[in-house]
Number of protein chains: 2
Amino acid sequence: MTVIGISPAIILVEPQMGENIGAAARAMLNFGLTDLRLVKPRDGWPNDRAVAMAAGAVDVVQNAQVFETVEEAVSDLQHVYATTARPRDMIKPVATPNAAAAELRQFTQLNETCGILFGKESSGLSGDDVTCADTIITVPLNPDYTSINLGQAVLLVAYEWYQHADQTPAKIVRNEERVATKQELGALYNRIETELDARGYFEPIMNRRSVILRNMRNMFHRFDMMESDIKGMQGIVKGLSLNKKDTGK
Amino acid sequence: MTVIGISPAIILVEPQMGENIGAAARAMLNFGLTDLRLVKPRDGWPNDRAVAMAAGAVDVVQNAQVFETVEEAVSDLQHVYATTARPRDMIKPVATPNAAAAELRQFTQLNETCGILFGKESSGLSGDDVTCADTIITVPLNPDYTSINLGQAVLLVAYEWYQHADQTPAKIVRNEERVATKQELGALYNRIETELDARGYFEPIMNRRSVILRNMRNMFHRFDMMESDIKGMQGIVKGLSLNKKDTGK
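This is a predicted model, so every value here is computed, not measured. (Residues numbered from 1 in each chain as written. Chains lettered and ligands numbered in written order. Predicted model: local features only at pLDDT ≥ 70, side-chain atom pairs only at ≥ 80, totals over all residues. Heavy atoms only, no water.)

### Things to note about the relation of the copies chain A and chain B
No. 1: At an RMSD of 0.1 Å, chain A and chain B line up after a rotation of 180° and a shift of 0.0 Å along the axis. Such values leave the two copies arranged in the relation of a two-fold axis.
No. 2: Of all interface residues in chain A, 100% are interface residues in chain B too; the two copies therefore contact each other through one and the same surface. (Least-squares fit on C-alpha atoms with pLDDT ≥ 70 in both. Contact = heavy atoms within 4.5 Å.)

Next up, the structure:
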């Protein structure tokens, strides 16, 4: 089993039960994953139940990083996946765990940072959480019985990741380019939003502001932006935001 | 999702915790499996904890069949798989869950009966249990952390079964032949053993009797015997077992 490159982060968003955090850690380590991130765990952190359930994977739990927002949790990542059972009203590619694993291996072989979001036990990821991702992962399940728990969802995705260890090297050609991080993308979004707000762009359509902004974020996610694209877009935003020159009109 | 043919049985051998039986039932139903069989569940049957854990998959638990021996549990099956983490000192093909699922789909598309054995939580399947199988399934795991629980093992195997739903039709050609059931194979083994014992075959090598018999069973398992092969072998055994004619020697 040749492991090349870095491994994806598993990001649990507002997990409710410590036991499930521990079970997720075990499933991760079963398949060679160790980068566990938690966004606002319900019962605080550290959590004794997570440690107890983790058994031999306790190091994964104890090294978990805790964040206040999904944006912070993914800020250093270049490729983010969101696991969700329900179809979403968003234009994002949808992959099976198998297809996602093949893609993740290609990215990590290029030393590009990846992460996979898992929602809370009761209701999964919110629409805003999913917006932070480039691709949706949906596990094909018996349509008459689609209830799987958090630990099992992590297990299946981690399993597929491990099964693709020996796949052929990446065919993606990056030349000298680097894929943008989510932090760079987030900074771009914030810049655009700030500039639009400063210009009163949304004032006549304030009730549609959040939908329009979400659509914009989803659109940029689809662009597979490189670092240089971010710079280019920042330049455009800056240019458009300048006050019009007094042209003597 | 086109489901063609029949579905494999999940056979839990001496499961210890009712919770794990319930979790296995859920994992089965998530991926369209419903034929649950139990061999000597430790805490008896029915089991309230299994029912409680099964949640929406309670029908799978309540319709489970209970058997006294592995032989009885697999007697109507034509293809049996054994899940085991440890390498075995037996000549049996070893498959990943992925490869096994592809094979299972080919068999079930031919309406051939299949089952998968899972061992008890503490120690897995015994050597004799594995002998009842044609093929070993081993889940590739991080060699530094190979501990997965019973419900997770069932989940991964059932998941792979479901992922192969749409594979191309079977390429196996059976002509008019029918694959032997394990009952037919078991009857053949018993016949051979009885006849050998009746002749005192093992008397000088009694300490090796069980090893020799296990090797024989494993050998016949590898033969992929058809119904007609069983009849042929039964004829041979019968013929060899006759008293020598007095040829006037």
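### As for the sheet that holds strand S3 (residues 65-67) of chain B
All names here are of chain B.
No. 1: On the basis of which strands lie adjacent, the open sheet formed by seven strands has the order S3-S2-S1-S6-S4-S7-S5 and parallel pairing. Sheet topology places S3 and strand S5 (94-95) at the edges, where each strand pairs with a single neighbour.
No. 2: Bridge analysis of strand S2 (residues 36-39) against S3 gives three bridges, and the strand direction is parallel. Across the sheet, the residue bridging to Val-39 is Phe-67, located in S3.
No. 3: Across the sheet, helix H1 (residues 18-30) touches strand S1 (9-13) and S2, and the angle it forms with S2 is around 155°.
No. 4: The strands touched by helix H5 (residues 97-109) are strand S4 (79-83), S5, strand S6 (114-118) and strand S7 (135-137); relative to S4, the strand with the most contacts, the crossing angle is about 165°. (Pairing = 2+ DSSP bridges. Helix = DSSP H or I, 4+ residues; strand = E, 2+ residues; numbered from the N terminus. Axes fitted to C-alpha atoms, helices over the stretch in contact; angles between N-to-C directions.)

### Digging into the side chain of A:His164
Residue and element names in this part refer to chain A.
No. 1: By the secondary structure assignment, His-164 is in the loop between helix H7 (150-163) and helix H8 (182-198).
No. 2: According to the relative accessible area criterion, His-164 is buried, its value standing at 12%.
No. 3: A distance of 2.7 Å separates a polar atom in the side chain of His-164 from the backbone oxygen of Glu-160. (Buried < 20%, exposed > 50% of the residue type's maximum accessible area, 1.4 Å probe, protein only. Polar contact = N/O pair within 3.5 Å; in protein donor to acceptor, adjacent residues only side chain to side chain.)

### As for the packing of helix H5 (residues 97-109) of chain A against H7(A)
Residues and elements named next belong to chain A.
No. 1: Where H5 contacts H7, the two axes come as close as 8 Å, and the packing angle between them is 55°. Taken together, the axes of H5 and H7 are oblique relative to one another. Relative to H7, H5 is oriented so that their crossing is right-handed. Contact residues: Pro-97, Asn-98, Ala-101, Leu-104, Arg-105 and Thr-108 in H5; Glu-160, Trp-161 and Tyr-162 in H7.
No. 2: Across the contact of H5 with H7, the residue classes tally to five nonpolar, two polar and two charged. (Parallel < 35°, antiparallel > 145°, perpendicular 65-115°, else oblique. Left-handed = near helix turned anticlockwise from the far one by under 90°. Nonpolar A, V, L, I, M, F, W, Y, C, P; charged D, E, K, R; others polar.)

### Looking at the packing of aromatic side chains
No. 1: Evaluation of the coordinates by the stated rule reveals nine aromatic pairs over all chains.
No. 2: Taken together, a centroid distance of 4.9 Å and an interplanar angle of 80° make the contact between A:Tyr201 and A:Phe202 edge-to-face.
No. 3: On the basis of relative accessible area, A:Phe202 is assigned to the buried category, the value being 1%.
No. 4: Between B:Phe31 and B:Tyr159, the ring centres sit 5.7 Å apart and the planes meet at 80°, which makes this aromatic pair edge-to-face. Highlighted residues: B:Phe31 in the loop between H1 and S2 and B:Tyr159 in helix H7 (residues 150-163), separated in sequence by 128 residues. (Phe/Tyr/Trp six-rings, centres within 6.5 Å; stacked < 30°, edge-to-face > 60°.)

### Let's talk about the sheet that holds strand S3 (residues 65-67) of chain A
Residues and elements named next belong to chain A.
No. 1: One open sheet holds the seven strands; their spatial order is S3-S2-S1-S6-S4-S7-S5, and the pairing between them is parallel. Each edge of the open sheet carries a strand with a single partner, namely S3 and strand S5 (94-95).
No. 2: Packed on one face of the sheet, H5 meets strand S4 (79-83), S5, strand S6 (114-118) and strand S7 (135-137) and runs near 165° to S4.

### Here's the deal with the confidence of the model for chain A
No. 1: For chain A, per-residue confidence averages 89 on the pLDDT scale, and residues scoring 70 or more make up 92% of the total.
No. 2: Reported confidences for the modelled complex are a pTM of 0.84 and an ipTM of 0.81. (pLDDT = per-residue confidence, 0-100.)

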